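Next come the chains, spelled out residue by residue.
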Amino acid sequence: MSLTVQTEQRADMVVVSVAGELDMATAPQLQDQISDLLEKGRTRLVFDLAEVSFCDSTGLSVFVRAKNSTDDAGGVVRLAAPQRGVLRILEVSGLVEVLHTYPTVDEAVSAQEPALD
């Protein structure tokens, strides 16, 4: 199965809509898109996962790298609308809290930044 990636500017966030299976074969495609966004100074990213049917550890690592890169640049990464199977992988891995995850894209885009301790 292939992966499609589309981007859309919404307020100060870039919504990255991902569809298909995110695995070892397709993760580099998403990583390239993220790298392009970061090179253009786009560091506030929401990943719309509503159409991602599968995500393995390679896919998860793409999100972790994106978070680390955006954190270094003062940005943010949020995940939105993961399907049940993808959400379960995020929960089991402990990444659902690290990679702030929201039920909808709208909630992810409009969420307030958590207070720093």
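**Some points on the side chain of Thr 43**
Residue position: Thr 43 is located in the loop between helix H1 (27–39) and strand S3 (44–55). The exposure class assigned to Thr 43 is buried, which follows from its relative accessible area of 16%. Excluding anything up to four places from it in sequence, Thr 43 contacts Leu 38, Thr 70, Ala 73, Gly 75 and Val 76.

**A look at the environment of Pro 28**
Of note, Pro 28 is situated in helix H1. Remark: the alpha-carbon pair of Pro 28 and Gly 59, spanning 31 residues in sequence, is separated by 8.9 Å.

**A look at the nonpolar core**
Formed by 26 residues in total, the largest nonpolar core has its most connected members in Leu 30, Phe 47 and Phe 63. Where this core is concerned, the elements lending two or more residues are strand S1 (3–10), strand S2 (13–22), H1, S3, helix H2 (57–72), strand S4 (76–80), helix H3 (84–93) and helix H4 (95–98). Per-element accounting of this core gives the leading share, five residues, to S3. Other than its neighbours up to four places away in sequence, Phe 47 contacts Val 16, Val 18, Leu 30, Ile 34, Phe 63, Ala 66, Val 77, Arg 78, Leu 79 and Ala 80.

**Comments concerning unusual backbone geometry**
With a phi angle near 55 degrees, Ala 11 is a residue other than glycine that sits in the positive phi range. Checked against the element boundaries, Ala 11 lands in the loop between S1 and S2. Classification of Ala 11 as exposed rests on a relative accessible area of 69%. Even without a glycine there, the phi angle at Ala 81 is positive, about 55 degrees.

**Details of the packing of aromatic side chains**
Under the defined criterion, the tally for this structure stands at one aromatic pair. Here Phe 47 and Phe 63 contribute two aromatic rings whose centre-to-centre distance is 5.0 Å and whose plane-to-plane angle is 65 degrees, an arrangement assigned as edge-to-face. Here the residue Phe 47 occupies a position in strand S3, and Phe 63 occupies one in helix H2, the gap between them amounting to 16 residues. Taking the relative accessible area as the measure of exposure, Phe 47 reaches 0% and is therefore buried. A relative accessible area of 1% places Phe 63 in the buried class.

Reading the values: rules and limits
- Residues numbered from 1 in each chain as written.
- Predicted model: local features only at pLDDT ≥ 70, side-chain atom pairs only at ≥ 80, totals over all residues.
- Heavy atoms only, no water.
- Helix = DSSP H or I, 4+ residues; strand = E, 2+ residues; numbered from the N terminus.
- Buried < 20%, exposed > 50% of the residue type's maximum accessible area, 1.4 Å probe, protein only.
- Contact = heavy atoms within 4.5 Å.
- Core = buried A, V, L, I, M, F, W, Y, C linked by side-chain atoms within 4.5 Å.
- Phe/Tyr/Trp six-rings, centres within 6.5 Å; stacked < 30°, edge-to-face > 60°.

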